[in-house]
Amino acid sequence: MSMHLFILFSSIFFQQTPLTIISPDFVNEGSIPSRLTCDGERINPTLIINGIPEGTISLALIAENVDASEKTITQWVVWNIKPTEAIFENTIPGVQGVNSTGKTGYLPPCPQEVSQRYVFKIYALDAALTLRAKAHRKQLEAAMQGHILATGNLVGEYNRNVVATGKAKK
């Protein structure tokens, strides 16, 4: 019986706290403006992070296209971000890893013809990571194991065939 109480206690008190991620550029599950995509300025959005827990030493970010036809596309990998409440547009907030094109840096949304969802995941970590620059996503995920205090995400959608008014292009 005491082991069951310990497991219950641990699951209640040691759960990861959720981070709240918002952007002035788009609402969660909303449309990503074209200026932040391959059809515009090709820059990262501003991300506002709320609920960073005490003990956070650094943040990490993984952005991905979860609707890609063959496999998830990694859009951006960044770690050792100072635990700040904002990552501003068109910035390099920490050490960057390699995206799915094999290049370092932000890969803006650029779906072929259908609407696709892009997830910006933030991780609050209890350590700075000792990864080399240009590491791959899997290396970042492995390095974060055992160090994640909290997570949160923001989901945006982009459809190259729909303009800001929501009407199809001609």
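Here goes a summary of the coordinates provided.

Reading the values: rules and limits
Residues numbered from 1 in each chain as written. Predicted model: local features only at pLDDT ≥ 70, side-chain atom pairs only at ≥ 80, totals over all residues. Heavy atoms only, no water. Buried < 20%, exposed > 50% of the residue type's maximum accessible area, 1.4 Å probe, protein only. Helix = DSSP H or I, 4+ residues; strand = E, 2+ residues; numbered from the N terminus. Pairing = 2+ DSSP bridges. Core = buried A, V, L, I, M, F, W, Y, C linked by side-chain atoms within 4.5 Å. Contact = heavy atoms within 4.5 Å. Polar contact = N/O pair within 3.5 Å; in protein donor to acceptor, adjacent residues only side chain to side chain. Phe/Tyr/Trp six-rings, centres within 6.5 Å; stacked < 30°, edge-to-face > 60°. Disulfide = S-S within 2.5 Å.

1. A word on the pairing of strand β9 (residues 116-125)
Move 1: Of all the 10 residues making up β9, 8 are buried; the element is thus mostly covered by neighbouring parts of the structure.
Move 2: With 8 bridges connecting them, strand β5 (residues 58-65) and β9 associate as antiparallel partners. Bridged to E64 within β9 is V119.
Move 3: Direction of pairing for β9 relative to strand β10 (residues 148-158): antiparallel, over a ladder of 10 bridges. The residue bridging Y123 from the neighbouring strand is T151, located in β10.

2. Some details on the nonpolar core
As a rule of thumb, soluble globular proteins bury nonpolar side chains together.
Move 1: Ranked by size, the top nonpolar core spans 23 residues in total, and within it L47, L61 and I122 carry the most contacts.
Move 2: Elements that contribute at least two residues to this core include exactly β4 (47-50), β5, β6 (73-81), β9 and β10.
Move 3: The leading source of residues in this core is β9, at 4 residues.
Move 4: Leave out the neighbours within four places in its chain, and I122 touches L19, I21, L47, I49, L59, A60, L61, I87, A150, T151 and G152.
Move 5: Counting 10 residues, the second-largest nonpolar core is a separate cluster that includes V77, W79, L129 and M144.

3. Side note on the side chain of T56
Move 1: Of note, T56 is situated in the loop between β4 and β5.
Move 2: At a separation of 2.7 Å, a polar atom in the side chain of T56 contacts the main-chain carbonyl oxygen of P53.

4. Quick word on the packing of aromatic side chains
Move 1: Counted by the stated rule, this structure contains 2 aromatic pairs.
Move 2: For the ring pair F26 and F120, a centre distance of 6.2 Å and an interplane angle of 45 degrees mean the geometry is tilted. Placement of the pair is F26 in the loop between β2 (20-22) and β3 (30-31) and F120 in strand β9, with a sequence separation of 94 residues. Of the two residues, F26 and F120, neither departs from the other in class, the shared state being buried.
Move 3: When the ring of W76 is compared with that of Y106, the centres are 5.2 Å apart and the planes differ by 70 degrees; the resulting orientation is edge-to-face. Of this pair, W76 sits in strand β6 while Y106 sits in the loop between β8 (95-96) and β9; the two residues are 30 residues apart in sequence, bridging distant segments of the chain.

5. Thoughts on the state of the cysteines
Move 1: What the rule picks out here adds up to 1 disulfide.
Move 2: In this model C38 forms its disulfide with C110; the gap between the sulfur atoms is 2.1 Å. Disulfide C38-C110: the torsion about the S-S bond is 75 degrees, which places it as right-handed. Taken together, the residues C38 in the loop between β3 and β4 and C110 in the loop between β8 and β9 connect sequence positions 72 residues apart.
Move 3: Since its relative accessible area comes to 16%, C38 is described here as buried.
Move 4: Accessibility expressed as a relative area gives 33% for C110, which makes it partly exposed.

Worth remembering: the numbers are spatial, not functional.
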